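Secondary and tertiary structure notes
In case you want the letters, here they are:
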Amino acid sequence: MNPLDRRQLSREIWQEVFGDDDRFLDLYFGHVYQDDETDLLIDYGGAPKAIAHTGRVSYTFRLWGERIEAAYISGAATISRERGRGLMPSLLRSAHTKMYQTGKLFAFLIPAEPWLYDYYQRKFDYAKVCYRSVSQPNSPRLTPLPQLCRQTSAEGYLHYIQQRRGWTMGHLEHTYPQWQRIIEDAILSGGGYTQEGIVRMLQGGECTQFVATQLPIKEGLAYHQVVMPPLGEDLEPHGMMRAIQIPQLLSLYAKRHPDVECQFDLFDAMLCPNTGRYRLEKGKCLFMPLAPRALQKESLSPSLLLEQLFRGNPFYIDLMLD
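Predicted model only: the values in this text are computed from it and were never measured.

1. Quick notes on the overall build of the chain
Scanning the chain for helices and strands turns up 8 helices and 15 strands. By the compact-globule yardstick of 20 Å for 322 residues, the chain fits well, its C-alpha radius of gyration being 21 Å. Taken along its principal axes, the extent of the C-alpha atoms in the chain is 65 × 60 × 35 Å. Taking all 322 residues of the chain together, 51% fall into the buried category. A fraction of 66% describes how many contacts in the chain between residues 6 or more apart in sequence connect residues 24 or more apart. Accessible area for the chain stands at about 16100 Å²; split by element, carbon and sulfur atoms hold 48% of it. Taken together, the 35 basic and 37 acidic charged side chains of the chain have centroids lying 5 Å from each other.

2. Some thoughts on helix H6 (residues 176–188)
In an α-helix, one turn spans 3.6 residues, which is why side chains three or four residues apart end up on the same side. Spanning 13 residues, H6 covers 18 Å between terminal C-alpha atoms, matching the ideal 18 Å at 1.5 Å per step. Every buried residue of H6 is accounted for by Gln178, Trp179, Gln180, Arg181, Ile182, Ile183, Asp185 and Ala186. In this structure, the buried side of H6 is in contact with helix H2 (22–31), strand S2 (49–63), helix H5 (154–164), strand S7 (192–193) and strand S8 (197–202). Remark: Gly190 follows H6 within two positions and exhibits a positive phi of approximately 105°.

3. Comments concerning the sheet that holds strand S9 (residues 207–212)
Reading across from one edge, S7-S8-S9-S10-S5-S11 is the order of the 6 strands in this open sheet, with mixed pairing throughout. At either end of the open sheet lies a strand with only one pairing partner, and these are S7 and strand S11 (236–237). Bridge analysis of S7 against S8 gives 2 bridges, and the strand direction is antiparallel. Directly across from Tyr193, in S8, lies its bridge partner Ile198. On top of the sheet, H6 reaches S7 and S8; it is set at about 40° to S8, its chief contact.

4. Observations concerning the sheet that holds strand S14 (residues 276–281)
Spatial strand order, S13-S14-S15: 3 strands in an open sheet with antiparallel pairing. Looking at the sheet topology across the chains shown, the edges are occupied by strand S13 (262–266) and strand S15 (284–289). Going across the sheet, the axis of each strand differs from the next one's by a mean of 15°, ignoring polarity. Along the sheet face, helix H7 (residues 246–256) touches S13, S14 and S15 and points at about 160° away from the line of S15.

5. Things to note about helix H1 (residues 3–18)
Taking 1.5 Å as the rise per residue, H1 with 16 residues should run 22 Å; its terminal C-alpha atoms sit 22 Å apart, in good agreement. A positive backbone phi angle near 70° is found at Gly19, which sits one or two residues after H1.

6. Description of the environment of Gln203
Along the chain, Gln203 turns up in the loop between S8 and S9. On the basis of relative accessible area, Gln203 is assigned to the exposed category, the value being 61%. Expressed as a C-alpha distance, the spacing of Gln203 and Ser189, which sit 14 residues apart in the sequence, is 9.5 Å.

7. Observations concerning the side chain of Arg181
Following the sequence through the fold, Arg181 ends up in helix H6. Taking the relative accessible area as the measure of exposure, Arg181 reaches 11% and is therefore buried. Look past the residues within four positions of Arg181 in its chain and what remains in contact with it is Leu27, His31, Val32 and Leu321.

8. Some thoughts on the packing of H2 against H6
Here H2 crosses H6 at 170°, and the two axes come no closer than 10 Å. As summarised for this structure, H2 and H6 are arranged roughly antiparallel, according to the angle between their axes. Across from Arg23, Phe24, Leu27 and His31 in H2, the residues of H6 making contact are Arg181, Glu184, Asp185 and Leu188.

9. Some words on the nonpolar core
Counting residues in each nonpolar core, the largest one holds 59 residues, and the members touching the most others are Phe106, Phe108, Met241 and Leu306. Ranked by the residues each element gives to this core, the list is headed by H7, at 5 residues. For Phe108, the contacting residues outside a window of four places in its chain are Tyr59, Phe61, Ala70, Ala71, Tyr72, Ile73, Tyr126, Leu172, Met240, Met241, Ile317 and Met320. Counting residues in each nonpolar core, the second largest holds 28 residues, with Ile13, Ile42, Leu116 and Leu271 among its members.

10. Some points on the environment of Arg311
Following the sequence through the fold, Arg311 ends up in the segment after helix H8 (302–309). Sequence-wise, Arg311 and Val129 are 182 residues apart; in three dimensions their C-alpha atoms are separated by 7.6 Å.

The rules we used
Residues numbered from 1 in each chain as written. Predicted model: local features only at pLDDT ≥ 70, side-chain atom pairs only at ≥ 80, totals over all residues. Heavy atoms only, no water. Helix = DSSP H or I, 4+ residues; strand = E, 2+ residues; numbered from the N terminus. Rg over C-alpha atoms; globule rule 2.2 N^0.38 Å. Buried < 20%, exposed > 50% of the residue type's maximum accessible area, 1.4 Å probe, protein only. Contact = heavy atoms within 4.5 Å. Areas by Shrake-Rupley, 256 points an atom, 1.4 Å probe, with all protein chains shown as cover. Lys, Arg positive; Asp, Glu negative; His and termini not counted. Charge placed at Lys NZ, Arg CZ, Asp CG, Glu CD. Expected span 1.5 Å × (residues − 1). Pairing = 2+ DSSP bridges. Axes fitted to C-alpha atoms, helices over the stretch in contact; angles between N-to-C directions. Parallel < 35°, antiparallel > 145°, perpendicular 65-115°, else oblique. Core = buried A, V, L, I, M, F, W, Y, C linked by side-chain atoms within 4.5 Å.

As far as function goes, none of this settles anything; it's purely spatial.
Put into structure tokens, the structure is as follows:
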């Protein structure tokens, strides 16, 4: 099928399932959508119609002093009449296989509902290792909103990058085009950005959300909701991670943590090349592929592995078109 036709079918199912307006759809399908990063199931019984869709948007994480390639599951959608047939699990398994083949170390997503955290962990071995800090100032209207910038610039992006260089937790590292799309989305909502963060208008303009990009933040911010990295104790889950290429991931971990020595078996039902025995010692990861029947009874799963690796040091996912 012609890529332009696939783009249009993807836009139609997105609008049908999520109900986003044309301004957002123009932004996403004009600047974010890539045909080679889109998995689509199409019904040809009449006029072609997309019945299930997922996007695999490429991103980079900064973790353990390294830049790590990842993919964001965007717009996972099935039309109402086709739900319950297993289309989405099939589509996501295919998406994860393609991520493995293209060298991604992680997949990540942001569940739309709380119950989906358990679903994605049970079905696809995603781990709940992504958190953020959200506060709600008692008096958000005490001071007027600051003057907002409503035009993207290279200077604004460079300031954003410089402010994150000291962050120690695993976090997204947006490219300039990705940062531009986030600013444009904020502007569509009636917001914009300052040197300290990005302002979105939520709930039809009744709620102001401030996403901090510079730390520490100022006291007395005039917003209904302030979003910050996962610092402190009162955190909320925001996103999930799935390990895609586990031997490569653990090689990076071992390099960063040369004093860690351990051995364990891991079973990955979705990505079989990850299944086997791992040994970490002297800054290296040794991996022996094994058949599932040869594994120890108490083998790790990909989700349990990530929970152990990032316990006490969660990922931070921010500034997404979610």
